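Take a look at the letters that make up each chain.
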Amino acid sequence: MAADDWASLLPRRLLVTGGAGFIGSAFVRLLLELPAPPRVTVLDALTYAGNRANLEPVADRPDYRFVHGNICDEATVEPLAAEADCIVNFAAESHVDRSILDPGAFIQTDVYGTFVLLEAARRHQHPRFLQVSTDEVYGDVPAPHRSQEGDPPRPRSPYAASKAGGEMQCWAYHETFGVPVLVTRGSNTYGPYQFPEKIIPLFVTNALDRRPLPLYGSGTAVRDYLYVDDHARGIAMVLARGRVGSAYNIGQGDEPIDGLSIARTVLRLTGGGDDLIHHVQDRPGHDRRYALDITRMRALGWHPSRDFGAGVAETVRWYEQRRDWWEPIKSGAFWDFYRRNYRPLAGAGAPP
Ligand code: NAD
Ligand code: TYD
């Protein structure tokens, strides 16, 4: 089978939950730009992180529909699941720092919401259910190990624990009720349309405004950073070709990158000086290292299309050109969160 033949194997009527978020919207844009797109219904609660502007490029497509609603609400999910042949679940509370401030919403959406979707998939006997999970379920991974799909989950943040909880239900529904689940565990993703709270879009937008870049602790914690279009294509390929009952690590697979290097790279690309780097109090329970073995994805015919240097340069260009997208987001409620999160330090860059 040719490497790009996966598209013909996709289900034809998809319910994409959380499709107005960062990675979900990239996935929807990718599918709707295929020569023979499937029908896509997005169900999204439009939390602070959801944004219909992320789906504007496909808003007029005849195969696309947007429904505003919550995955925890069975009455909303039921009719949408009835007319779909597959659910792809991106919906989640997704930011570790917010999970430290307010864990409850994470349990609700990431655990209970996943249960509601699994029940719907079970009732309607969908031939596939894809849960978008994260490499954070592995917890801190000491060097030189790279996480493999068979490694046990050891989540250490409320976010990671909520995602592991959602995943565990998927495995339980697979074993107990035969729901045909697939799970992807993506690494730290970056690129256009990312809410500016995660390190790369936060640092890029702060640097463009010459605000300080708040680096946790010494900035030595490392992550595997993956470009969003590669993550979206990886999920689509697992949906098309993955083996039911399996998990797939989706990551760059290179040597993971530390926070200080990210700050310096962003400052070099935006013309800011290193004096903008502001070491702030470390995140509680900060995982020091994530690293992935991506052999299984490679066997599926997937590989990342860009290295980090190319991806981050492209991302900086996008944020330079799309102030219309991020400036309205970095206002009111955003700065309330920012002051709460980075409170113990003076001068982390929030407006007074
Ligand atoms: P995001 O925060 O940008 O988007 C989440 C979307 O889910 C938003 O549109 C939000 O409105 C929606 N949502 C939240 N609660 C909902 C609910 N109860 N009902 C319906 N919709 C709801 O997140 P993202 O970065 O795009 O991540 C998408 C998925 O990928 C998540 O499951 C996340 O755990 C996972 N993931 C993210 C990364 C990353 O680096 N961003 C890496 C690996 C895995
Ligand atoms: P983040 O983008 O929040 O993703 P995650 O915690 O889910 O991996 O953080 C990535 C890395 O960047 C992590 O080591 C924490 C660090 N970081 C900072 O140093 N400063 C920040 O303001 C943020 C948000 C993250």
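Whatever comes next refers back to the structure up there.
Residues numbered from 1 in each chain as written. Chains lettered and ligands numbered in written order. Predicted model: local features only at pLDDT ≥ 70, side-chain atom pairs only at ≥ 80, totals over all residues. Heavy atoms only, no water.

Asks: How would you sum up the site of ligand 2? Please name residues and give values.
Replies: In the vicinity of ligand 2, 20 residues are found, and the nearest of them are E136, R223, R283, H286 and Y342. Taking E136, its side chain carries an N or O atom lying 2.4 Å from an oxygen atom of ligand 2. Within the backbone of I199, a nitrogen or oxygen atom sits 2.9 Å from an oxygen atom of ligand 2. When ligand 2 is considered free in solution it has 510 Å² of accessible area, and contact with the protein chains removes 97% of it. Of all the secondary-structure elements, those providing two or more residues to the shell around ligand 2 are α3 (96-101), α6 (199-208) and β8 (213-216). Taken together, the residues that form the shell around ligand 2 break down as 11 nonpolar, three polar and six charged. (Near = heavy atom within 4 Å. Polar contact = N/O pair within 3.5 Å; in protein donor to acceptor, adjacent residues only side chain to side chain. Areas by Shrake-Rupley, 256 points an atom, 1.4 Å probe, with all protein chains shown as cover. Helix = DSSP H or I, 4+ residues; strand = E, 2+ residues; numbered from the N terminus. Nonpolar A, V, L, I, M, F, W, Y, C, P; charged D, E, K, R; others polar.)

Asks: Which residues make up the nonpolar core, and what values go with them?
Replies: In terms of nonpolar packing, the biggest core is built from 44 residues, with F27, V28, V88 and I235 touching the most fellow members. Those elements that provide at least two residues to this core are β1 (13-17), α1 (22-32), β2 (39-44), β3 (64-68), β4 (86-89), β5 (128-134), α7 (228-241) and β11 (247-250). If you tally residues by element for this core, the top one is α7, at eight residues. With residues up to four places along the chain from it excluded, the contact list for V88 reads L14, L15, V16, T17, F27, L130, V132, I235 and L239. (Core = buried A, V, L, I, M, F, W, Y, C linked by side-chain atoms within 4.5 Å. Buried < 20%, exposed > 50% of the residue type's maximum accessible area, 1.4 Å probe, protein only. Contact = heavy atoms within 4.5 Å.)

Asks: Can you tell me about unusual backbone geometry, naming the residues and giving the values?
Replies: As a rule of thumb, non-glycine residues mostly have phi less than zero, and peptide bonds are mostly trans rather than cis. For the bond from A143 to P144, the omega torsion is 5 degrees, close enough to zero to count as cis. Within the secondary structure, P144 sits in the loop between β5 and α5 (158-177). The phi torsion at L46 lies on the positive side, around 50 degrees, for a residue other than glycine. Tracing the backbone shows L46 in the loop between β2 and β3. Even without being a glycine, Y193 presents a positive backbone phi close to 70 degrees. Topologically, Y193 is positioned in the loop between β7 (188-190) and α6.

Asks: Quick rundown of the site of ligand 1? Include the residues and the values.
Replies: The full set close to ligand 1 counts 29 residues, and I23, D44, S94, Y159 and K163 are the nearest of them. Here I23 contributes a backbone N or O atom positioned 2.7 Å from an oxygen atom of ligand 1. A distance of 3.0 Å separates a nitrogen atom of ligand 1 from a polar backbone atom of I71. Surface burial for ligand 1 is 97%, taken as the share of its 820 Å² of free accessible area covered by protein chains. Sorting the residues of the shell around ligand 1 by element identifies α1, β5, α5 and β7 as the ones contributing at least two each. Ranked by residues supplied to the shell around ligand 1, first place goes to β5 with three residues.

Asks: Which residues make up the pattern of salt bridges, and what values go with them?
Replies: All told, the structure shown has 19 salt bridges when counted by the stated rule. In this structure, D97 engages R283 in a salt bridge whose closest nitrogen and oxygen atoms are separated by 2.7 Å. Of this pair, D97 sits in helix α3 while R283 sits in the loop between β13 (277-280) and α9 (295-299); the two residues are 186 residues apart in sequence, bridging distant segments of the chain. Note on accessibility: D97 and R283 belong to one class, buried. Notably, a salt bridge pairs E327 with R323, separated by 2.6 Å at the nearest N-O pair. The network of salt bridges with shared partners includes E74, E78 and R123. (Salt bridge = Lys/Arg side-chain N within 4 Å of Asp/Glu carboxyl O.)

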